[in-house]
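Below, each chain spelled out in residue letters.
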Protein chains: 4
Amino acid sequence: MENNGVEIEDTFAEGFGIKVSRIIITAATKHLAEITATEATGYGCSVIGCPAEAGIDTYVPPTETPDGRPGYAIMICHMSKDDLDEEIMNRIGQCVLTAPTAAAFNAIESDDGFATGSKLKFFGDGYQTEKDMDGRKMHVIPIMSGEFLVEDTMGFKEGVAGGNFFIMADSQLSAVVAAEAAADAIKAVSGVITPFPGGMVASGSKVGSKYKFLSASTNEKECVTLKDVVDTELPDDVFGMVEIVIDGVDEASVRAAMKAGIEAACTAHGVLKIGAGNYGGDLGPYQIHLKDL
Amino acid sequence: MENNGVEIEDTFAEGFGIKVSRIIITAATKHLAEITATEATGYGCSVIGCPAEAGIDTYVPPTETPDGRPGYAIMICHMSKDDLDEEIMNRIGQCVLTAPTAAAFNAIESDDGFATGSKLKFFGDGYQTEKDMDGRKMHVIPIMSGEFLVEDTMGFKEGVAGGNFFIMADSQLSAVVAAEAAADAIKAVSGVITPFPGGMVASGSKVGSKYKFLSASTNEKECVTLKDVVDTELPDDVFGMVEIVIDGVDEASVRAAMKAGIEAACTAHGVLKIGAGNYGGDLGPYQIHLKDL
Amino acid sequence: MENNGVEIEDTFAEGFGIKVSRIIITAATKHLAEITATEATGYGCSVIGCPAEAGIDTYVPPTETPDGRPGYAIMICHMSKDDLDEEIMNRIGQCVLTAPTAAAFNAIESDDGFATGSKLKFFGDGYQTEKDMDGRKMHVIPIMSGEFLVEDTMGFKEGVAGGNFFIMADSQLSAVVAAEAAADAIKAVSGVITPFPGGMVASGSKVGSKYKFLSASTNEKECVTLKDVVDTELPDDVFGMVEIVIDGVDEASVRAAMKAGIEAACTAHGVLKIGAGNYGGDLGPYQIHLKDL
Amino acid sequence: MENNGVEIEDTFAEGFGIKVSRIIITAATKHLAEITATEATGYGCSVIGCPAEAGIDTYVPPTETPDGRPGYAIMICHMSKDDLDEEIMNRIGQCVLTAPTAAAFNAIESDDGFATGSKLKFFGDGYQTEKDMDGRKMHVIPIMSGEFLVEDTMGFKEGVAGGNFFIMADSQLSAVVAAEAAADAIKAVSGVITPFPGGMVASGSKVGSKYKFLSASTNEKECVTLKDVVDTELPDDVFGMVEIVIDGVDEASVRAAMKAGIEAACTAHGVLKIGAGNYGGDLGPYQIHLKDL
């Protein structure tokens, strides 16, 4: 890993399993495709409080999409297969079918899948038809503005959630800019998303709280504004900190994303140290050591 | 209304009541504020299949926000007060608290409200403080990257959902471009959102279906690709159609949005006629006649 | 001025005269209008090395443009009246006439003006016509994709160039983010542009150089990476610095922009001090003291 | 070529030689890199009225740039070697050196080149240094906000200008949307730009005019609003037309861009026919036949 002189902590990220679907949303233009993919993946930071974890994986140019139009590969993730099924049905049915010129294609190989398209077709009220597109079974649903094409079955597989690293910097805003650079780099890695706003988490938490009713709370020992108040774990020269959280289709893609993200963060002026979050290795089956990247 | 020679149908939009919250999200830059507001309002097209109806009302420049930083006024809407309460808690707690440099302020006057900030403060695990900002009670929550400021109470009021109009044009893509112009114009009207992707609905529906299990389905008589197949209601020269749907804080704002949107749509080349959707006037308490705008 | 506790230096910005045109570019959608306005104002940082100083003043919603479509008010500035005339002819003729659905309207009141539209009309090769739009004399030029509308005369007036302030911060990237916030705030002030990339100048210069052939060079005493090498003028705790440069239609608008920009910069975490650049007051007729804002 | 049932005219585009430089602009984030690359390539549609032909070739992710940061490959083109030299010096010196965190790297292999970096270094006023980056000779210039890195020599080669095709559609706005899809597709082809606003030309011209002082004017026989007025060359069912113009580093890249652009345009609803512009084959040394793509 090219760390540009930045200290890499001897620690690891602890990941756990999550079910992942990957779908390509196309539209008449990149502009329209981006609007649609953004709407369909919003409100998708963490399954703790959002209905799913969702985000844009990468832009797919017209030369590489199933229908030759501009598209975005999105990922939608959930622990529960049933919840993921419902989320995909609702997000495609409400945010893609309703978007002018949009279409939705499965973009993950899998044995199992959801009957998203074969259920949505009934919206056509008998006027729907079927169409083969290079081996894909597509449903053509007449809608007010034209036709909506959706693939019969959307696949899913066991992926990896909770890939992460911490960016520590000389100021609050250095850490934010470095995190943006990291998120930019991760966008170039296929098969991963950074589901939080702008790809970064401003508020890394600890398990538990002084309040009985709260199962997670701010990690005061890593809060930059509490350095003089608590027994901080932050280095003396660190005044900014942001976390990057990654979901991927498999461990390899999460590792590649962590490597690309850390390397990009290390190019930002003022970045001093890279760390990672884990639960001692007891919780998650995946341990990705920073030193191994 | 300046209709630029376009035919305005003698009909009305039928609106109904919905509970509406309006919140200003600020951040260090417009770029960061937009990312956050977009995440917090995603997956928010229709309460039929999304957890809420949500969208960006308008950009608020630093000169006009409570903390002098760039911001976006967002609106979150639901029929149920309890669901709206939960949605605001989750969308602010998951998509705004986690966003670097973000803050959240109430932006609607109301008697009643939700204890969003006064609950979220506990995330501070005892390190949270309070602060008065020009009469606003703000909670200051230390987070890893700095501090998150959130107003104690988020208001809500009875608003109006279902404002709408139809754009009929000479081609599918003329209708889409005209709808984008309409959505652009509606963004300039305060107190309204167009919750669907890009502000437009490609797939206007009818109540009921030939399938017993389906309560709504495509409105085949208004589908441009079914003109030769069904007993169409579309004029002969219309080959493109898109619907605009509007939620507002009150009837006046919805009316203003409909007027601005229709006028803008009528500037687009190829627009031939403007209509609106209703249920005969039986369902909704609000009837907004196009001719009155 | 609300300075949020940031030190405001007791100094002044020194401005000088420049000729300013202001034009509204509209198009079918905000998306298309932004593309066109951006192209027409590019390569317009400083007349020292660019053919003009140019930029987007502000977005103008459909409800406020002459033709009811989304638009951007742009400003193009030059010391020389003849050069400004030529620049407007080329930028409108090459970057706006060629842009699908675009139109160009004068947006500055003035006694004198340029015959931009009355010359461009000849591109119509005899098929051009005239049209009155609420008192504006417009030329309608048939083009391949439809019609290009351009106002007969584009006004210009004596404006003010060189409005400026310096943002000093705790890190390089804090200064950059604060400068972005300042540029965001200035966009909300009508009648001004910040012509440099993203509205900020990374490379403030001094007059003269050790090289005879160079009339301006880096201001080493204000370079953050040379603090230990030269007799620096930077405070000990300042490690980031960016300049904001403003052109306006008059002194009042430049003052308003400086006030809005400084106030916004002061909201960014890590900003320590605001300064300004001048030549001792000998060069420019306008002296805008920071303490007076 | 996959034409989706759209008629491809039996004609050819006529290209001619142009000198082309290709430069990668990087910055701390994609957001900042895009702002800088856009400013540096603005006002660059056609050398007939702009100082150069310029545009963004493609986004280059951090994983692929020389310094591991997000970047954009831009191209700047001119017939004259001396003018190209000057344009690169001014566009880099004014629009990139001044942009916070930006750097500029040569991105074209060539025998000859311009001394852009080796001249710009003197702005450092003696404080500049040199640095080797994987074989690249870079100048490190201290500037107010940090350091500007620029490669010593910027290459250029004989490229191809004037690649083009016409999109004919059922309405004005169908043609515009199809042209946007084409421009989106061409962005995925390396080594080409579409220098006009949004990648499209709304106002294709003919040589000559009824006015002696004008060497080019609107091509009335291909103007959609003059179909009933002149002896039109447009098919009966065509009511929208937009041209795409392409500059490339060589003929192969222009051919690939034309193929990708035409295929994408043909996916847009309402596109009826694709044509191309030439001067009978007498003017340009490159003839790219649509049927051969």
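These numbers come from a predicted model, not from an experiment.

K.L.:
Is there a simple way to think about the overall build of chain A in this case?
P.N.:
Within chain A, the regular secondary structure consists of five helices and 17 strands. Over its C-alpha atoms chain A spans a radius of gyration of 21 Å, differing by no more than 12% from the 19 Å that the globule rule assigns to 293 residues. Taken over the C-alpha atoms alone, chain A extends approximately 65 × 45 × 30 Å along its principal axes. By residue count, 67% of the 293 residues in chain A fall in the buried class. At a minimum sequence separation of 6, the contacts of chain A that also span at least 24 residues come to 74%.

K.L.:
Is there a simple way to explain the side chain of C:Thr98 in this structure?
P.N.:
For C:Thr98, the location among the structural elements is in the loop between α2 (81–95) and β5 (103–106). Here C:Thr98 is in contact with C:Gly93, D:Phe196, D:Pro197, D:Met200, D:Val201, D:Ala202 and D:Ser203, once residues within four sequence places are set aside.

K.L.:
Explanation requested: the interface of chain B and chain D in the structure shown.
P.N.:
At the junction of the two partners, chain B supplies nine residues and chain D supplies nine residues. The contact between chain B and chain D buries some 840 Å² in all, and 67% of this surface belongs to carbon and sulfur atoms. In this structure, the connection of chain B to chain D is made through zero salt bridges. One can count six residue pairs in polar contact (both at pLDDT 80 or more) joining chain B with chain D. A per-element tally of the side of chain B that touches chain D places helix α4 (residues 172–187) of chain B first, with four residues. Residue composition of the side of chain B that touches chain D, grouped by class: three nonpolar, five polar and one charged.

K.L.:
Help me understand the relation of the copies chain B and chain D in this model?
P.N.:
Mapping one chain copy onto the other needs a rotation about an axis and a shift along that axis. Expressed as a screw transformation, the operator carrying chain B onto chain D has a rotation angle of 180° and an axial translation of 0.0 Å, and the superposed copies differ by an RMSD of 0.0 Å. Both chain copies can therefore be described as sitting about a two-fold axis. Comparing interface residues between copies, 100% of those in chain B also sit at the interface in chain D, which points to an isologous, same-surface contact.

K.L.:
Would you mind going over the pairing of strand β7 (residues 129–133) of chain D with me for this structure?
P.N.:
Every regular strand shows the same layout, with side chains that alternate between the two sheet faces. All names here are of chain D. The sheet contact formed by β7 and strand β8 (residues 136–143) spans five bridges and is antiparallel. Along β8, the bridge assignment pairs threonine 129 with valine 140. In textbook terms, the turn of a hairpin is the stretch between consecutive antiparallel strands, and for β7 and β8 this stretch comprises two residues, one of which, aspartate 134, has a positive phi near 50°.

K.L.:
Can you help me understand the interface of chain C and chain D in this one?
P.N.:
When the parts of a complex come together, some accessible area is lost, and that lost area is often taken as the interface size. In this assembly, 74 residues from chain C lie in contact with 74 residues from chain D. Summing both partners gives a buried area of about 5,800 Å² for chain C against chain D, and 66% of it is carried by carbon and sulfur. Three residues, C:Tyr43, C:Asp125 and C:Met144, lead the burial of chain C against chain D; their summed loss comes to 16% of the area buried on that side. Taken together, the connections running from chain C to chain D amount to two salt bridges. Across the pair D:Lys206 and C:Asp125 runs a salt bridge whose closest N-O atoms are separated by 2.5 Å. There are 34 residue pairs in polar contact (both at pLDDT 80 or more) connecting chain C and chain D. Of all elements in the fold, only α1 (30–41), α2, β8 (136–143), β9 (146–151), α4 (172–186), β13 (205–207), β14 (216–218) and β15 (240–248) of chain C reach the threshold of two or more residues within the side of chain C that touches chain D. With six residues, the top contributor of residues to the side of chain C that touches chain D is α1(C). Taken together, the residues that form the side of chain C that touches chain D break down as 38 nonpolar, 25 polar and 11 charged.

K.L.:
How should the relation of the copies chain C and chain D be read in this particular structure?
P.N.:
When chain C is fitted to chain D, the best match, at an RMSD of 0.0 Å, comes from turning it 180° and sliding it 0.0 Å along the axis. The residues that chain C uses at the interface reappear at the interface of chain D in 100% of cases, marking a shared surface.

K.L.:
Whenever I open this one, the nonpolar core confuses me. Can you help?
P.N.:
The tendency in soluble globular proteins is for nonpolar side chains to be buried side by side. Membership of the largest hydrophobic core comes to 308 residues, with the highest contact counts inside it found for A:Ile274, B:Ile274, C:Ile274 and D:Ile274. Setting aside its immediate chain neighbours within four residues, B:Ile274 contacts B:Val6, B:Glu7, B:Ile8, B:Glu9, B:Phe165, B:Phe166, B:Ile167, B:Met168, B:Ile262, B:Ala265, B:Cys266 and B:Leu290.

K.L.:
Before we go on, may I ask you to explain the environment of B:Gly162 in this structure?
P.N.:
Tracing the backbone through its elements, the reader meets B:Gly162 in strand β11 (residues 157–169). Every residue in contact with B:Gly162, bar those within four places of it in the chain, is listed here: B:Glu14, B:Gly15, B:Phe16, B:Ile246 and B:Asp247.

K.L.:
Any chance you could explain helix α5 (residues 251–265) of chain A here in plain terms?
P.N.:
For an α-helix, 3.6 residues make a turn, and residues three or four places apart therefore share a direction. The terminal C-alpha atoms of α5(A), which comprises 15 residues, lie 21 Å apart, in line with the 21 Å expected from a rise of 1.5 Å per residue. Buried residues of α5(A): A:Ser253, A:Val254, A:Ala257, A:Met258, A:Ala260, A:Gly261, A:Ile262, A:Glu263, A:Ala264 and A:Ala265, and no others.

K.L.:
What is the right way to look at a nonpolar patch on the surface in this model?
P.N.:
Residues and elements named next belong to chain A. A cluster of nonpolar side chains, Val207, Tyr279 and Leu283, forms an exposed patch at the surface whose accessible area comes to about 350 Å². Relative to the helices and strands, tyrosine 279 resides in the loop between β16 (271–275) and β17 (286–289). Take tyrosine 279: its relative accessible area is 44%, and that puts it in the partly exposed class.

K.L.:
How do you make sense of the packing of aromatic side chains when you look at a structure like this?
P.N.:
In this description, a pair of aromatic rings is defined by centroid distance and the angle of the planes. Evaluated as defined, the whole model comprises 20 aromatic pairs over all chains. Arranged with centres 4.6 Å apart and planes meeting at 10°, the rings of A:Phe114 and A:Phe156 form a pair that is stacked. Separated by 42 residues along the polypeptide, A:Phe114 in strand β6 (residues 113–114) and A:Phe156 in the loop between β10 (154–155) and β11 (157–169) bring together distant segments of the chain. Each member of the pair, A:Phe114 together with A:Phe156, is buried. Within the aromatic cluster, the residues linked to one another by ring pairs are A:Phe122, B:Tyr211 and B:Phe213. The aromatic ring of A:Tyr59 is capped on one face by A:Lys30, whose charged end is 4.2 Å from the ring centroid. Here the guanidinium or amino end of C:Arg91 rests over the ring plane of D:Tyr43, the centre of that ring lying 3.8 Å away.

K.L.:
Help me out: how do you make sense of the pattern of salt bridges in this one?
P.N.:
Here the idea is simple: oppositely charged side chains can pair when their charged atoms come close. Tallied over the entire structure, the rule returns 44 salt bridges over all chains. Here B:Glu263 makes a salt bridge to B:Lys259, at a shortest N to O gap of 3.1 Å. Linking B:Glu263 with B:Lys259, this pair stays in helix α5 (residues 251–265), spanning four residues, or about one helical turn. With its nearest N and O atoms 3.9 Å apart, the salt bridge here joins D:Asp152 to D:Lys137. Of the two residues, D:Asp152 sits in the loop between β9 (146–151) and β10 (154–155) while D:Lys137 sits in strand β8, which places them 15 residues apart along the sequence. By relative accessible area, which is 13% here, D:Asp152 ends up buried. What makes D:Lys137 partly exposed here is its relative accessible area of 40%. In this structure, a network of salt bridges that share partners links the residues A:Asp125, B:Lys206 and B:Glu220.

K.L.:
How should I be thinking about the confidence of the model for chain A in this particular structure?
P.N.:
Close reading of the predicted structure is inappropriate where its pLDDT is low. When pLDDT is averaged along chain A, the result is 97, and 100% of the positions lie at 70 or above. Here the prediction assigns the complex a pTM of 0.97, and the interface score ipTM is 0.97.

K.L.:
Quick question: what am I supposed to make of unusual backbone geometry here?
P.N.:
For residues besides glycine, phi is generally negative; the peptide bonds are generally trans as well. Although it is not a glycine, C:Asp134 sits at a positive phi angle of roughly 50°. Here C:Asp134 shows up in the loop between β7 (129–133) and β8. One non-glycine residue, D:Asn4, lies in positive phi territory at about 55°. You can call D:Asn4 exposed: its relative accessible area is 58%.

K.L.:
So what exactly am I meant to see when it comes to the side chain of C:Ser145 here?
P.N.:
If you trace the backbone, C:Ser145 turns up in the loop between β8 and β9. The exposure class of C:Ser145 is buried, given its relative accessible area of 7%. Reaching out from C:Ser145, the side chain makes a polar contact with the backbone oxygen of D:Ala202 at a distance of 2.9 Å. Excluding anything up to four places from it in sequence, C:Ser145 contacts D:Gln172, D:Ala202, D:Val224, D:Met241 and D:Val242.

K.L.:
What is the right way to look at the pairing of β9(D) in this model?
P.N.:
All names here are of chain D. Where burial is concerned, most of β9 is hidden: five out of the six residues are buried. Taken together, the six bridges between β8 and β9 define a ladder with antiparallel strand orientation. Counted as the bridge partner of valine 140 is leucine 149 from β9. With antiparallel pairing between neighbouring strands as the criterion, β8 and β9 make up a hairpin whose turn holds two residues.

K.L.:
It is not clear to me how a positive patch on the surface should be interpreted in this structure. Could you clarify?
P.N.:
Taken together, the side chains of A:Lys30, A:Lys187, D:Lys30 and D:Lys187 present a region of like positive charge at the surface. Locating D:Lys187 in the fold gives a position in the loop between α4 (172–186) and β12 (192–193). You can call D:Lys187 partly exposed: its relative accessible area is 38%.

What counts and what doesn't
Residue numbering note: each chain is counted from 1, following its sequence as written. The naming scheme follows written order: chains are lettered A onward, ligands numbered 1 onward. Local features in a predicted model are, by the rule used here, given only for residues with pLDDT of at least 70; side-chain atom pairs are given and counted only at 80 or more, and totals for whole chains, interfaces and linings are based on all residues. The basis for the side-chain values is all heavy atoms of the structure; hydrogens and waters are excluded. Comment: elements are numbered from the N terminus, with helices defined as DSSP H or I runs of at least four residues and strands as E runs of at least two. What the globule rule says is 2.2 Å times the number of residues to the power 0.38, and the radius of gyration is computed from C-alpha atoms. Think of it in three bands: with a 1.4 Å probe and only protein chains considered, a residue is buried below 20% of the maximum accessible area for its type, exposed above 50%, and partly exposed in between. What makes two residues a contact is simply this: any of their non-hydrogen atoms within 4.5 Å. Once two parts are put together, the accessible area they lose, assessed with a 1.4 Å probe and summed over both, is termed the buried area. Salt bridges are counted wherever a side-chain nitrogen of Lys or Arg sits within 4 Å of a carboxyl oxygen of Asp or Glu. Within 3.5 Å is the distance limit for a polar contact, defined as a pair of N or O atoms, with the added protein rule that one can donate a hydrogen and the other accept it, and that residues adjacent in sequence qualify only through two side-chain atoms. For this scheme, ten residues count as nonpolar: Ala, Val, Leu, Ile, Met, Phe, Trp, Tyr, Cys and Pro. Four count as charged, namely Asp, Glu, Lys and Arg, and the remainder, Gly too, count as polar. Least-squares superposition of the copies uses the C-alpha atoms of those residues scoring a pLDDT of at least 70 in each of them. Here, strands pair whenever DSSP counts at least two bridges between them. Only buried Ala, Val, Leu, Ile, Met, Phe, Trp, Tyr and Cys residues count toward a nonpolar core, and they belong to the same one when joined by side-chain atoms within 4.5 Å. A helix is expected to span 1.5 Å for every residue after the first. Patch definition: residues with relative accessible area over 30% and no salt bridge; like charges joined within 9 Å; nonpolar side chains (Val, Leu, Ile, Met, Phe, Trp, Tyr) joined within 5 Å. Surface accessibility follows the Shrake-Rupley procedure with a 1.4 Å probe radius. Residue values consider only the protein chains on display as shielding. Put simply, two rings from Phe, Tyr or Trp (the six-membered ring, in Trp's case) pair if the centres are within 6.5 Å, and we call them stacked under 30 degrees between planes, edge-to-face over 60, tilted for the rest. Remark: a charge is flagged as sitting over a ring if the NZ atom of Lys or the CZ atom of Arg is within 6 Å of the ring centre and within 35 degrees of the ring normal. Each residue gets a pLDDT score, which is the predictor's confidence in that residue and runs from 0 to 100. Positive charges come from Lys and Arg alone, negative charges from Asp and Glu alone, with His and the N- and C-terminal ends not counted. Where a charge lies is defined by one atom per residue type: Lys uses NZ, Arg uses CZ, Asp uses CG and Glu uses CD.

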